[in-house]
Amino acid sequence: MKVPYIMTPGPTQVRENVRLARALETTNPDLDIQFYDFYKETCERIGSFLNTKNEVRILSGEGILGLEAACASLTDKGDRVLVIDNGIFGEGFADFVTLYGGEPVFFKGDRQRKIDVEALEKFLEKDSNFKYATVVHCDTPSGVLNEVDKICPLLKDKGILTVVDSVAAMGGEEFRVDNWKIDIALGGSQKAVSAPPGLTFLSISDDAFVAMENRKAPIASFYCNLLVWKDYYDKKWFPYTQPASDIMGLRAAIDNILEEGKDNLLRRHEKIASAVRAAVEKAGLSLYIKEGYSNTVTVIEVPNGIDDKALIDYMLDNFGILIAGSFGYLNGKVIRIGHMGENARADKISYTLVSLQKSLDHFGVELERNMSQVFLEYSI
Ligand SMILES: *Cc1c(COP(=O)(O)O)cnc(C)c1O
């Protein structure tokens, strides 16, 4: 297999020290006490990355497992759940709520703008009888970034627990779980954290654990049951054999982040993302989002008359660069460049923009400026 240069909004490129960490010899993670300490320390470092003192758990499954586990563990039959929706992942939470017997109630926002916090506040004045609410930080298919820092404290003041999917934002955007009063925050290994796909991790507040303990019916799942993990360390018991190599890779990726420094990481993303947006706009292309850009992904409207799949294939075949289209209501309408984690580097993005420009040129789209040049002026 010839691996392309992956410039997608996840999975992202994986640094060599993370790949090598996954190749180290492993112990028996169920029987060897050392592994419980390794797991616990890794969770604590993730807590530091997320700015939280809450308990953290790493589950064996890709990001979607985190979304489902949060909903499975909190939803009792008939619970009303507020689903904040201005994108595909936002809307998708309703399916998990329904699957576990809850009643999703939507608060819908403009799909090209961040959630209007004042409108949400007005909505909550009329109806705030919800057990919990779901919020997506960066809704990746469109690249919209929501103000979780304002939304979650507002919900919490009304006694509503908060579940935040920050899979595609954390690491590239500020994320302060404790300050922002987030009950369950979840992420994945394959986005800005820049480890391979396969793991999800969640921080769980005391209030969230209390809500799980006070349910009427038991949690209707084992793999998605967050409560079974509560005392794993005291009991030295995992619900299933841990994927030791995956966790060793994740630990190396988290250590890379802590070594770079969270603030440096955020600055790197901010600089790269704003330079990409400047390059795209000055070249005469259109950004899909009108308000609320995530610094982890740039979503560009496909120029009229161009087939997104042909363009993506041409870039792959001729330059070895893989970017992404999108799906759902955005299928065929946009292309996406992921600049999260290890992808958020000037050399990688500059080469991506050169290839995109040459590929557009091949299909007869002439841009007004040299994107790579504009990008470098802004990013270096
Ligand atoms: C990537 C992602 C997930 C995980 O799901 P995938 O199957 O990898 O798409 C969940 N939420 C968001 C917002 C994501 O970007």
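These figures come from a predicted structure and were not determined experimentally.

A.B. asks: Quick one: what's the story with the packing of helix α2 (residues 33–49) against helix α9 (residues 244–260), residue by residue and with numbers?
C.D. replies: The geometry of α2 relative to α9 is characterised by a closest axis approach of 10 Å and an angle of 35° between their N-to-C directions. Between α2 and α9 lies a crossing whose hand is left-handed. Residues Phe-35, Phe-38, Tyr-39, Glu-41, Thr-42, Arg-45, Ile-46, Ser-48 and Phe-49 of α2 touch α9, and the partners they reach there are Ala-244, Ile-247, Met-248, Leu-250, Arg-251, Ile-254, Asp-255, Ile-257 and Leu-258. In terms of residue class, the contact of α2 with α9 is made up of 12 nonpolar, 2 polar and 4 charged.

A.B. asks: How would you summarise a nonpolar patch on the surface if you had to cite specific residues and measurements?
C.D. replies: Residues Phe-222, Tyr-223 and Trp-237 make up a contiguous nonpolar surface patch of about 320 Å² in total accessible area. Tracing the chain through its elements places Tyr-223 in the loop between α7 (206–213) and α8 (232–235). Looking at Tyr-223, the relative accessible area reads 40%, which means it is partly exposed.

A.B. asks: Residue-level account of the environment of Pro-239, with values.
C.D. replies: Structurally, Pro-239 can be placed in the loop between α8 and α9. Along the backbone, Pro-239 and Trp-229 are 10 residues apart, and their C-alpha atoms lie at a distance of 7.0 Å. Those residues in contact with Pro-239 that sit more than four places away from it in its chain are Phe-222, Val-228 and Trp-229.

A.B. asks: Talk me through the pattern of salt bridges; I want residue IDs and the actual numbers.
C.D. replies: What the rule picks out here adds up to 25 salt bridges. Between Lys-40 and Glu-44 there is a salt bridge, with its nearest N and O atoms 3.1 Å apart. With Lys-40 and Glu-44 both in helix α2 and 4 residues apart, the pair spans about one turn of that helix. Judged by its relative accessible area of 29%, Lys-40 falls in the partly exposed class.

A.B. asks: Give a detailed account of the site of the ligand, specifying residues and quantitative values.
C.D. replies: Near the ligand, the surroundings consist of Glu-62, Gly-63, Ile-64, Phe-89, Cys-138, Thr-140, Asp-165, Val-167, Ala-168, Gln-190 and Lys-191. A distance of 2.7 Å separates an oxygen atom of the ligand from a polar side-chain atom of Lys-191. Across the complex, the protein chains shield 81% of the 370 Å² of accessible surface that the ligand would expose by itself. Grouping the constituent residues of the shell around the ligand by class yields 5 nonpolar, 3 polar and 3 charged.

A.B. asks: With reference to specific residues and values, describe the environment of Lys-122.
C.D. replies: For Lys-122, the position within the fold is in helix α5 (residues 117–126). Taking the C-alpha atoms as reference points, Lys-122 and Glu-342, separated by 220 residues in sequence, lie 40 Å from one another.

A.B. asks: Go over the sheet that holds strand β3 (residues 80–85), please, and point to the residues and values.
C.D. replies: Pairing is mixed across the open sheet formed by 7 strands, whose spatial order is β2-β10-β9-β8-β5-β3-β4. Of all strands in the sheet, those bounded by a partner on one side alone are β2 (55–60) and β4 (103–108). Within this sheet the neighbouring strands show an average axis-to-axis angle of 20°, counted without direction. Summarising the sheet, strand β8 (residues 161–165) and strand β9 (residues 184–188) pair through 3 bridges and their orientation is parallel. Across the sheet, Val-164 pairs through a bridge with Ala-185, a residue of β9. Relative to β2, α2 is tilted by about 115°, and along the sheet it contacts β2 and β10 (199–204). Against the sheet, α5 engages β3 and β4, with an angle of about 140° to β4.

A.B. asks: Please provide a residue-by-residue account of the packing of aromatic side chains, values included.
C.D. replies: Per the stated rule, a full pass over the model turns up 16 aromatic pairs. With centroids separated by 5.3 Å and ring planes inclined at 70°, the aromatic side chains of Phe-107 and Phe-123 adopt a geometry described as edge-to-face. A residue pair is termed long-range when its members are at least 10 positions apart, and Phe-107 in strand β4 and Phe-123 in helix α5 qualify at 16 residues. The buried category is assigned to Phe-107, whose relative accessible area is 9%. Taking the relative accessible area as the measure of exposure, Phe-123 reaches 23% and is therefore partly exposed. Here the aromatic cluster, defined as three or more aromatic residues joined through ring pairs, consists of Phe-35, Tyr-36, Phe-38, Tyr-39, Tyr-223, Trp-229, Tyr-232, Tyr-233, Phe-238 and Tyr-240. Lying over the aromatic face of Phe-106, Lys-108 brings its terminal NZ or CZ to 4.0 Å of the ring centre. Sitting over the face of the ring of Tyr-233, Lys-236 holds its NZ or CZ atom 3.6 Å from the ring centroid.

Conventions adopted
- Residues numbered from 1 in each chain as written.
- Predicted model: local features only at pLDDT ≥ 70, side-chain atom pairs only at ≥ 80, totals over all residues.
- Heavy atoms only, no water.
- Axes fitted to C-alpha atoms, helices over the stretch in contact; angles between N-to-C directions.
- Helix = DSSP H or I, 4+ residues; strand = E, 2+ residues; numbered from the N terminus.
- Left-handed = near helix turned anticlockwise from the far one by under 90°.
- Contact = heavy atoms within 4.5 Å.
- Nonpolar A, V, L, I, M, F, W, Y, C, P; charged D, E, K, R; others polar.
- Patch = residues over 30% accessible without salt bridge, like charges linked within 9 Å, V, L, I, M, F, W, Y side chains within 5 Å.
- Areas by Shrake-Rupley, 256 points an atom, 1.4 Å probe, with all protein chains shown as cover.
- Salt bridge = Lys/Arg side-chain N within 4 Å of Asp/Glu carboxyl O.
- Buried < 20%, exposed > 50% of the residue type's maximum accessible area, 1.4 Å probe, protein only.
- Near = heavy atom within 4 Å.
- Polar contact = N/O pair within 3.5 Å; in protein donor to acceptor, adjacent residues only side chain to side chain.
- Pairing = 2+ DSSP bridges.
- Phe/Tyr/Trp six-rings, centres within 6.5 Å; stacked < 30°, edge-to-face > 60°.
- Lys NZ or Arg CZ within 6 Å of the ring centre and 35° of its normal.

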